[in-house]
Amino acid sequence: MKLSATYLITILKYGYPPKPEDDFKSLEYLRRLGFHYLEMEGLGREHAKNLANNLPAYKKALRDNDIRIHNFCIVDPDLVSLDKTKRLAAYDHFKRMADIGAEFEPVTFHLASYAPPVEYIGRVPYQLDGGEYSFGTAPRIRIPDGFKWQEVWETLVESARFCADYSKSLGKVIIMEPRVDEIICSVDSMIRLLDDVGSDYLKANFDTGHFAAQRENVCLALAKLESRYANIHIADNIPVNTDHLTLGEGCIDWDEFFRILKMQNYDGFLGLDLGAKDDAELERKLLRSRDYIADVAKRAGVTLEW
């Protein structure tokens, strides 16, 4: 298995969304810490445009720092808009970004399901608004008149199927991220989506931090999603909030988790997806989590590289 860094590290260090120069500094930072694998994101239209306009520079920076992008996430909430005009425009944007992402030769592309179209009292979760990033905001909501969950669900299924079909044309599997407060937040909602889309090119991104925060038993969730996930995010959690903790400081049984991974013959990526208040805490959590999970993997007889 391979241990990678998620793009959250860049976001926490440099803001949301980062500028190209921030991405380059982040690559140098990860090289200094000894990481060679990274998940990359296109965060909204401006960040996506910067990525497209600076593609040769990104490729050079990756080579110079000996870092490989293994997962490329295309972020656009309009992919699940109930407004068909917005959704079709997002489909075109997705295709352009997938073509750019394919230039990095990732193993997978990456989706999110986004917050449902209800009325939020306060800040909407996971917004690209330049504000402080948080994993979840425990929002208060009001259900608008005329709201129909089935319409929301059918729109997500249509969108995920479109993205899976285009990813297939590029020879890539696309993975769906579960996140607290979004349409796909639990193991069973993930399974339902995979069933309804019905494509071998759509799989789950298994996220230990979000599943634990959702009060899923993470090891049982892993068993339920056997053969249906193609990437893993790892963070610990105590399910009183959505904090992504240093590995070993939460409720997840990592020894059992690795025993199941080995039993399922998983040989893919594990992305460290950790929250932090400042740079010093982030680095401390990254290094402690890396050392902790390396020991767990060793006890399980699993070779882990980064």
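Refer to the preceding data block for the structure.
Since the structure is predicted, the reported quantities are computational estimates derived from the model, not experimental observations.

Below, the discussion takes up the overall build of the protein chain. Helix and strand counts for the protein chain come out as eleven helices and ten strands. Radius of gyration (C-alpha) of the protein chain: 18 Å, near the 19 Å computed for a compact globule of 306 residues. Taken along its principal axes, the extent of the C-alpha atoms in the protein chain is 55 × 45 × 40 Å. For the protein chain, the residues scored as buried account for 55% of the 306 residues in total. Within the protein chain, residue pairs in contact and separated by at least 24 positions form 77% of the contacts whose partners lie at least 6 positions apart. When the accessible surface of the protein chain is split by element, carbon and sulfur atoms take 47% of a total near 13,400 Å². Of the side chains in the protein chain, 39 bear a positive and 49 a negative charge, and the two mean positions are spaced by 2 Å.

Packing of helix α2 (residues 20–33) against helix α4 (residues 55–65) leaves a shortest axis separation of 9 Å and a crossing angle of 10°. As far as their axial angle goes, α4 and α2 are roughly parallel. The segment α2 lies against α4, with Pro20, Asp23, Phe24, Leu27, Glu28 and Arg31 engaging Ala57, Tyr58, Ala61, Leu62, Asp64 and Asn65. Partitioning the contact of α2 with α4 into residue classes produces seven nonpolar, one polar and four charged.

The next thing to look at is the packing of helix α6 (residues 149–169) against helix α7 (residues 187–197). Where α6 contacts α7, the axes come no closer than 9 Å and their chain directions differ by 60°. Regarding the angle of α6 to α7, the classification is oblique. Crossing angle aside, the handedness with which α6 passes α7 is right-handed. For the pair α6 and α7, the contacting residues are Trp149, Gln150, Trp153, Leu156, Val157, Ala160 and Arg161 in the first and Ser189, Arg192, Leu193, Asp196 and Val197 in the second.

Structurally, a disulfide amounts to a covalent bond that connects the sulfur atoms of two cysteines. A complete count under the given rule lists zero disulfides for this structure. No disulfide involves Cys185; its sulfur sits 17 Å from the nearest other cysteine sulfur, which is in Cys251. Overall, the relative accessible area of 17% leaves Cys185 in the buried class. Here Cys219 is not cross-linked by a disulfide; its sulfur's nearest cysteine counterpart is in Cys251, at 9.6 Å. Here Cys219 falls in the buried class, since its relative accessible area comes to 11%.

All chains considered together, the criterion is met by 14 salt bridges. The shortest N-O distance in the salt bridge between Asp279 and Lys13 comes to 3.3 Å. In this pair, Asp279 is assigned in helix α11 (residues 279–299) and Lys13 in helix α1 (residues 8–14), connecting sequence segments 266 residues apart. According to the relative accessible area criterion, Asp279 is partly exposed, its value standing at 39%. Here Lys13 falls in the buried class, since its relative accessible area comes to 17%. Ionic pairing is found between Asp195 and Arg228, a salt bridge with its closest N-O pair at 2.9 Å. One end of the pair, Asp195, is in helix α7; the other, Arg228, is in the loop between α9 (218–224) and β9 (229–234), with 33 residues separating them in the sequence. Taking the relative accessible area as the measure of exposure, Arg228 reaches 25% and is therefore partly exposed.

This part takes up the nonpolar core. In this structure, Phe257 and Phe258 are the most contacted members of the largest nonpolar core, which totals 92 residues. Here this core gets eight residues from one element, more than from any other, and that element is α6. Look past the residues within four positions of Phe257 in its chain and what remains in contact with it is Phe206, Thr208, Val218, Cys219, Leu222, Ile232 and Ile234.

With that out of the way, let us pick up the packing of aromatic side chains. Evaluated as defined, the whole model comprises twelve aromatic pairs. Taken together, a centroid distance of 5.4 Å and an interplanar angle of 80° make the contact between Trp254 and Phe257 edge-to-face. On the criterion of helical spacing, the pair formed by Trp254 and Phe257 is a turn pair, its members being three residues apart in helix α10 (residues 254–263). Assigned by exposure class, Trp254 and Phe257 land together as buried. A centroid spacing of 6.3 Å and a plane angle of 65° characterise the contact between Phe257 and Phe258, whose relative ring orientation is edge-to-face. With respect to class, Phe257 is no different from Phe258; both count as buried. One aromatic cluster is present, formed by Phe206, Phe211, Tyr229, Trp254, Phe257, Phe258 and Tyr266 through successive ring pairs. The residue whose ring lies beneath Lys13 is Tyr29, and the NZ or CZ to ring-centre distance is 4.1 Å. If you follow Arg290 out to its NZ or CZ, it ends over the ring of Phe35, 5.5 Å from the centre.

Rules of the game
- For every chain, the first residue of the written sequence is number 1, and numbering continues from 1 onward in sequence order.
- Predicted model: local features are reported for residues with pLDDT of at least 70 only, side-chain atom pairs are reported and counted for 80 or more only, and whole-chain, interface and lining totals are derived from all residues.
- No hydrogens and no water enter the side-chain calculation; it runs on all heavy atoms of the structure.
- Each helix corresponds to a stretch of at least 4 residues labelled H or I by DSSP, and each strand to a stretch of at least 2 residues labelled E; elements are numbered beginning at the N terminus.
- Each radius of gyration is computed over the set of C-alpha atoms, and the globule rule expresses the reference value as 2.2 Å times the number of residues to the power 0.38.
- Whether a residue is buried, partly exposed or exposed follows from its accessible area with a 1.4 Å probe, protein chains only, as a fraction of its type maximum: under 20%, in between, or over 50%, in that order.
- We call two residues in contact whenever any of their non-hydrogen atoms come within 4.5 Å of each other.
- Here the Shrake-Rupley method, with its probe set to 1.4 Å, supplies the accessible areas, and only the displayed protein chains count as covering residues.
- We count Lys and Arg on the positive side and Asp and Glu on the negative side, and we leave His and both chain ends out.
- By convention, the charge on Lys lies at NZ, on Arg at CZ, on Asp at CG and on Glu at CD.
- Only the contacting stretch of a helix is used when fitting its axis, a line to C-alpha atoms as for every element, and angles between N-to-C directions run 0 to 180 degrees.
- Put simply, angles under 35 degrees are roughly parallel, angles over 145 are roughly antiparallel, angles from 65 to 115 are roughly perpendicular, and the rest are oblique.
- Polar here means any residue other than Ala, Val, Leu, Ile, Met, Phe, Trp, Tyr, Cys and Pro, which are nonpolar, and Asp, Glu, Lys and Arg, which are charged; Gly is therefore polar.
- The handedness criterion is simple: a crossing whose near helix is rotated anticlockwise from the far helix by less than a right angle is left-handed, and one whose near helix is rotated clockwise is right-handed.
- Any two cysteine sulfur atoms within 2.5 Å of one another count as a disulfide.
- Salt bridge criterion: a side-chain nitrogen from Lys or Arg within 4 Å of a carboxyl oxygen from Asp or Glu.
- Buried Ala, Val, Leu, Ile, Met, Phe, Trp, Tyr and Cys residues form a nonpolar core when they are joined through side-chain atoms within 4.5 Å.
- Planes of paired rings set the category: under 30 degrees apart is stacked, over 60 is edge-to-face and the rest tilted, where pairs are Phe, Tyr or Trp rings (Trp by its six-membered ring) whose centres lie within 6.5 Å.
- By the criterion adopted, a ring carries a charge over it if an Arg CZ or a Lys NZ lies within 6 Å of its centre and within 35 degrees of its normal.

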